[in-house]
Amino acid sequence: MIVLVSIGLIPQGCINGNSNARAFIEEVETQVEDYDQAPNDSLALQVVTYMEMNGTPEERLRAWRTAGKMYRRMDNANYWAEAYRMAVGSIDTTQVFDTLLLAATLSEYAEVLSATQRRDQARQQSDQAIRLTEEIGDSVHAMYFRAMNYDLYLDFSMAWSGHDYLWLHGERQLAEDCIFPALLHTFGDSCYLDNLNRFAQYTSYNIEHPQSYRARQFWKAKAGAFQMMGEKDSCLYYLRKLANADLHRFEGASSSYCELSYAFSAFGQEDSACYYHQLHSQTEKASFGIKAEKQGQMLEHVYQSMRTQMEQVEEAHRLRNILSLSILLVTTIVIVLGLRQRSLRHQHQELLEQNAEYAALLSSVQSNDTWLDSPIVKRIHEMSSRDAHPSAEEWQQLQTLVETQFPNLFPSLQKEYTLTEQEAHAICLMVSKCTPSQMCVLMIYTRGGISNLRRRLYQKITGTNGNGTDLDKLVNSLCEKKE
């Protein structure tokens, strides 16, 4: 479920770069310990989402672990367990990783699994945490993890032996932290009270702030101890602290009113017992309403997240389809162009072969047009079979020769219309007995281009519609006229 909630929550530009993301992880870790503000999983989920897409395995583990701590503070056991499951699953044990970080995460995961009645799975995670620390030679943390989860092994003495081992090795903070779960399940007496006071002196937990989970556990343990010892005032003092803390808890729960009711009843003060019993009933109703509201908000949160995810998936599918169609279109165009280019090369080769045959035939035929034997004309015909093109100087030589041989030609053609350079070249080639195929090569035109050029030129000169053949006849007739 938590995976569905987290997908797509991170806004554009909210977290840029892994260095910023690591700073946000530290900020979330600070928020977990900031009991003056209501817990909020928004930033934790943003960090998780970013790290899932961009972070290293250890960064993903750390992000999910902080999210799990946030859900623990929010008393959301299911999300708490799911976050730790994702944290543990982030590490690939075949690669290099921070062993102690993973072991600590596994031990914490075992705690939430035990709290949600999955003891077999919890024991597996705890065993793995202990084994990992033993493999790296860290006997201190191996003993700490074993003592923290003593209840999984149904061995109460394990907690105390772990405590004594850590204490003797100078790890007093770890010793007191690991013994506290066991202290909550022992009977209250003067010795028990001494153990609680020693825990308060050395623990790393916050046992002062009323919103701290460990503080409420500690006050409840002390109230129980004083109640067993018959010290009414001290017992009620801590119970009242619990009640006041519960009254102002962000989560809106209040379980200590019930404890106060039982305590006053045990001390024979029925009026006070009834009073706190009524407060307990009232706060239970209010708490139910708050839980219902939070569930509604969570459902809306999940719905919006799933909707965002679906929109992203649809957008990804749409982009993928567009990309696939674009690739298909480009591939098709490339294939078509390749085939067309191949066909054009084949046609061009055939064109050159035809031009070569024509040039050879023309040179072998006896003709009255002796000027066709001039070097420039022969060179023009030769070029048409070698895929060569006349230079500007060669074009000028050819046109000069045509004007000298047929002085009446160009003046007759340009009475009403001035020929362009390309049109003048076409006339010169026609006079030189070049075929349309040769003109294509020499003028770098397609067959259709040459045909259109000849057709338009005839229409401009005569003002009537015609084709290339009509233009040939016109040019030949002008060449035959005497000046």
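One pass over the structure, following the stated rule, counts 12 salt bridges. When salt bridges that share partners are traced, they join Arg72, Glu111 and Arg214 into one network.

Considering soluble globular proteins, one finds that nonpolar side chains tend to be buried as a cluster. Grouped together as the largest cluster of nonpolar side chains are 50 residues, with contacts concentrated most on Val47, Leu102, Tyr144, Phe145 and Leu166. Contributions of two or more residues to this core are made by α2 (18-33), α3 (42-54), α4 (57-73), α5 (77-89), α6 (99-115), α7 (119-135), α8 (139-148) and α10 (172-183). Those residues in contact with Phe145 that sit more than four places away from it in its chain are Leu100, Ala103, Ala104, Ser107, Ser126, Ala129, Ile130 and Thr133. Residues Leu352, Ile380, Val431 and Cys434 belong to the second largest nonpolar core, which totals 40 residues.

Looking now at helix α9 (residues 156-168). The terminal C-alpha atoms of α9 lie 19 Å apart, and with 13 residues this matches the ideal 18 Å at 1.5 Å per residue to within 8%. Here α9 has its buried residues at Met158, Ala159, Gly162, His163 and Leu166. Projected onto a plane normal to the axis of α9, the buried residues spread over an arc of 135° and lie on a single side. Where the residues of α9 are buried, they touch α8, α10 and α11 (190-202).

Here we come to α5. Compared with the 18 Å implied by 1.5 Å per residue over 13 residues, the 18 Å span of α5 between its first and last C-alpha is a close match. Looking only at α5, the buried set comprises Tyr79, Trp80, Ala81, Glu82, Ala83, Tyr84, Met86, Ala87 and Val88.

A few words on unusual backbone geometry. With a phi angle near 65°, Lys433 is a residue other than glycine that sits in the positive phi range. Locating Lys433 in the fold gives a position in the loop between α19 (421-431) and α20 (436-443). For Lys433, a relative accessible area of 29% translates into the label partly exposed. For Ile444, which is not a glycine, the phi torsion comes out positive at approximately 55°. Relative to the assigned elements, Ile444 resides in the loop between α20 and α21 (447-462).

Here Ala142 is to be found in helix α8. With a relative accessible area of 2%, Ala142 lands in the buried category. Considered as a pair, Ala142 and Ile130 are 12 residues apart in the sequence and their alpha carbons are 4.8 Å apart. Those residues in contact with Ala142 that lie beyond four places of it in its chain are Ile130, Thr133 and Glu134.

The subject of this paragraph is the state of the cysteines. A covalent bond between the sulfur atoms of two cysteines is referred to as a disulfide. Per the stated rule, a full pass over the model turns up zero disulfides. Looking at Cys479, it has no disulfide partner, and the nearest cysteine sulfur is the one in Cys428, 9.9 Å off. Given a relative accessible area of 17%, Cys479 falls into the buried group.

How each quantity is defined
Residues numbered from 1 in each chain as written. Predicted model: local features only at pLDDT ≥ 70, side-chain atom pairs only at ≥ 80, totals over all residues. Heavy atoms only, no water. Salt bridge = Lys/Arg side-chain N within 4 Å of Asp/Glu carboxyl O. Core = buried A, V, L, I, M, F, W, Y, C linked by side-chain atoms within 4.5 Å. Buried < 20%, exposed > 50% of the residue type's maximum accessible area, 1.4 Å probe, protein only. Helix = DSSP H or I, 4+ residues; strand = E, 2+ residues; numbered from the N terminus. Contact = heavy atoms within 4.5 Å. Expected span 1.5 Å × (residues − 1). Arc of directions from axis to C-beta. Disulfide = S-S within 2.5 Å.

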